[in-house]
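This is what each chain is made of:
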Amino acid sequence: MPIKDTRFIQESGKVMMLGNEALVRGCLEAGVSYISQYPGTPTSDIGEYFHQILREIPDIREYLVHHWAVNEAVATSACAGAAWTGVRSLNPMKHVGLNVASDALSVIALNGPNPGGMVIVVGSDPGSLGSHQEQNERFYAWMFHLPTIEPHTPQECKDWIKLAFDLSEKFDLVINFRTSTRSAHSRGYVELEPLMMGKRKGEFIRNIPKYNSLPPHAINNHIRLYERIEKLRDCIPELGLNKIYKGTNKIGVITSGMPFGYAMEALDQLELNDVPILKLGMVYPLNYTEITEFLNDLEKVVIIEELEPFLEVKIAEIIQKAKMNVEIIGKNYFPSHDEFSTGLVTTALAKIFRKEPNTKIINAIEYFNSYKDLIPSRFPTFCAGCPERATLYSILKATNHLENTIISGDIGCYVMSFFPPQQCSDLVICMSGGISAAIGMAAKTDQKIIALIGDSTFFHTGMAPLAEAVGYNSNLLLIIFENSWTAMTGHQDDVLRYLTNKGFSIEKICSAIGVPWLKVEDSYNPKKLTKSIENALETEGLKVIIVKRECALQANRWRMSQVRKLEMEGQKVQDTSYFIGGCQMCYECARVLSCPAIRRVETDGIEEMQIDQDRCVKCGVCYEVCPNGAIRKSIVAMEGVEVPFREG
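The written sequence of each chain sets the order in which its residues are numbered from 1. Where local features are concerned, this predicted model is filtered to residues with pLDDT of at least 70; where side-chain atom pairs are given and counted, the filter is 80 or more; whole-chain, interface and lining totals use all residues. Remark: hydrogens and water are excluded; side-chain values derive from all non-hydrogen atoms of the structure.

### Quick look at the sheet that holds strand β13 (residues 300–304)
For clarity, the cut-off: Pairing between two strands is assigned when DSSP locates at least 2 bridges connecting them. Helical segments are the DSSP runs of H or I of at least four residues, strand segments are the runs of E of at least two, and each set is numbered from the N terminus. Lines are fitted to the C-alpha atoms to define the axes, a helix being fitted only along its stretch in contact, and any angle between axes, read from their N-to-C directions, falls within 0 to 180 degrees. Residues count as neighbours in contact if any of their non-hydrogen atoms are within 4.5 Å of one another.
Strand order in the open sheet formed by five strands is β9-β11-β10-β13-β14, with mixed pairing between adjacent strands. Of all strands in the sheet, those bounded by a partner on one side alone are β9 (243–245) and β14 (327–329). Strand-to-strand twist of the sheet, defined as the mean angle between neighbouring strand axes without regard to direction, takes the value 20°. Sheet topology note: the β9/strand β11 (residues 277–280) ladder contains three bridges and is antiparallel. Its bridge partner being in β11, I244 is matched across the sheet by L278. Strands in contact with helix α10 (residues 257–269) are β9, β10 (251–256), β11 and β13; relative to β10, the strand with the most contacts, it is inclined by about 145°.

As structure tokens, this is what we get:
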């Protein structure tokens, strides 16, 4: 029996938690009762933890609601609606999700969340560890007047999310709680405090000037927003979010979040124990008196922050207004791209303070860099049996390896298609940006155009550009991967699953929008799919092929659970396996299909391909595509019960 995780429900104690786990625990201590989000790294697991709690404590469902939203704009507006009934609502998203939410959020920030409280959690991603770009979303804080709290440790994640809700309610402000991939997934001990049940139900009270930001109310709300921000700015020193580490050195450091940790380690390595440090827990707004008092005795201040100089610009503004003679050192020493490390910060601070890094840090950096030679570089790849891999194979075959063909990619597992060996994606913009770009290309080139989109992305923002493509009868082929899951972010049982379980059909949507040429295919039948793609590319106007095949990971998990169930009941189960014999080494399976369950081996001095039975999910695509008939199919216990993959 699995051990029940009691960290989210015990009333007190000290437990080990990830930053995101601590954040969820803080929400439970703060009485949050409504959460809505679209999954995106590094915030996806916030929703997973809430669902874990709802499964393990059914009684809490009366007070706590978590919705997987169809996109971030829907989630943000839903959280505002809940807050306006007087409850506390949480709206997690990744940094690029804030772009989608921004249209709604720009107005909601004006209106304010009262009578309830609303906190957005934005997971930034310096280094693009799980994203297609490393946008510095902090500038939204300034544009929309979103007070921004940036925690460093799991304890701060728990404690400060509670404070964020208190501030949201007190000042009628949407609070931005900024984490990062590192702070969200770093571990630390967390002191627990009593839980607080959120409101079971709220009540909306009509207030047209507050909730309708149209002239003249929009300007009044804008003025009121400035007033609320200034009230918060004045009380920042009392909140305990910012901390000063005193020192006598004439060069000081201002930093926040994860860079604070790197800075502390770096200063320790350099034996610079006299450097004054201002650790900012609230990076917007800044309290002018707090900043100027810290700078008073300094000749120089080093701003350590990842990505663009957000703090550097704001602190320079304060220095200029106060007519202070303090030199700012920032992006002239620290890069504006990629995530930082202790080694990087130590190297930069060594130059600034004219110190030599000690042997310990030099050895550590060399030791870290040595692994680049020891660990072979590998491209991300699709799982064995992935239906999207099989679809890419059909695209390559149908287009003679992309001859005179543009592949307009999108966000999903298939984003990996631009890596070798497929190299089957020419561009990636954003969710549904593939079909949108394809519409413009179709108007201006005679090349063949294939746009890709997944089912979750289709529901997210894909229907609008599809309607436009129908309206203009754009000469392009849209391939929709219908794998029945939001697979890339961890198979969340989200709104996509609810829709498909209710019979909500992408095929019916395409027909209703007016798609003139529509087919539904199966990527596990690659020859038929290849023929359909060829026919589509020979046809003028808009074409849509829905490739319907469940994510192989989930389909195989379900299939194996059914096999185990039948075996426990004493029934014989039919088993299929694939093996290679008489291989001609044409590499069709390895370099075109590129299944990771197939590898090159040498047996008795003879090279051949071999199927790794531990990795093979028995999709049979390699059997279908082998041009030499070298892949054989073996069925054991023919008389037994056949358990095929489910349809979705």
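### Points about the domain arrangement of the chain
Applicable threshold: Residue ranges labeled as domains rest on an automatic or database domain assignment.
Parsing the chain into structural domains produces domain 1 (13–238), domain 2 (243–370), domain 3 (387–553) and domain 4 (570–636). One C-alpha centre belongs to domain 1, the other to domain 4, and the line joining them spans 49 Å.

### Looking at helix α12 (residues 310–321)
Worth spelling out the cut-off: Under the convention used throughout, the expected extent of a helix is 1.5 Å for every residue step, that is, one less than its residue count. Residue burial is assigned from relative accessible area. The probe radius is 1.4 Å, only protein chains are included, and a residue is buried under 20% of its type maximum, exposed over 50%, and partly exposed in between.
If you check α12, its first and last C-alpha atoms are 17 Å apart, about what twelve residues at 1.5 Å a residue would give, namely 16 Å. Turning to α12, its buried residues are F310, L311, E312, K314, I315, I318 and I319. Following α12 by one or two positions, K323 adopts a phi angle in the positive range, close to 55°.

### Focus on the side chain of K314
Mapped onto the elements, K314 comes out in helix α12. Since its relative accessible area comes to 14%, K314 is described here as buried. When sequence neighbours within four positions are dropped, the list of residues in contact with K314 reads W142 and L286.

### Considering the pairing of strand β2 (residues 34–37)
Our working rule: With the strands pointing away from the viewer, any crossover whose connection runs clockwise from the first strand over the helix to the second is right-handed.
Across the two faces of β2 the burial is the same, with Y34 and S36 and I35 and Q37 all buried. Bridge count between β2 and strand β3 (residues 65–68): four bridges; the pairing is parallel. Across the sheet, Y34 pairs through a bridge with V65, a residue of β3. Following the chain from β2 across helix α2 (residues 44–56) to the adjacent parallel β3, one finds a crossover that is right-handed. In the sheet, β2 pairs with strand β4 (residues 88–94) via two bridges, with the strands oriented parallel. Opposite I35, over in β4, you have L90 as the bridge partner.

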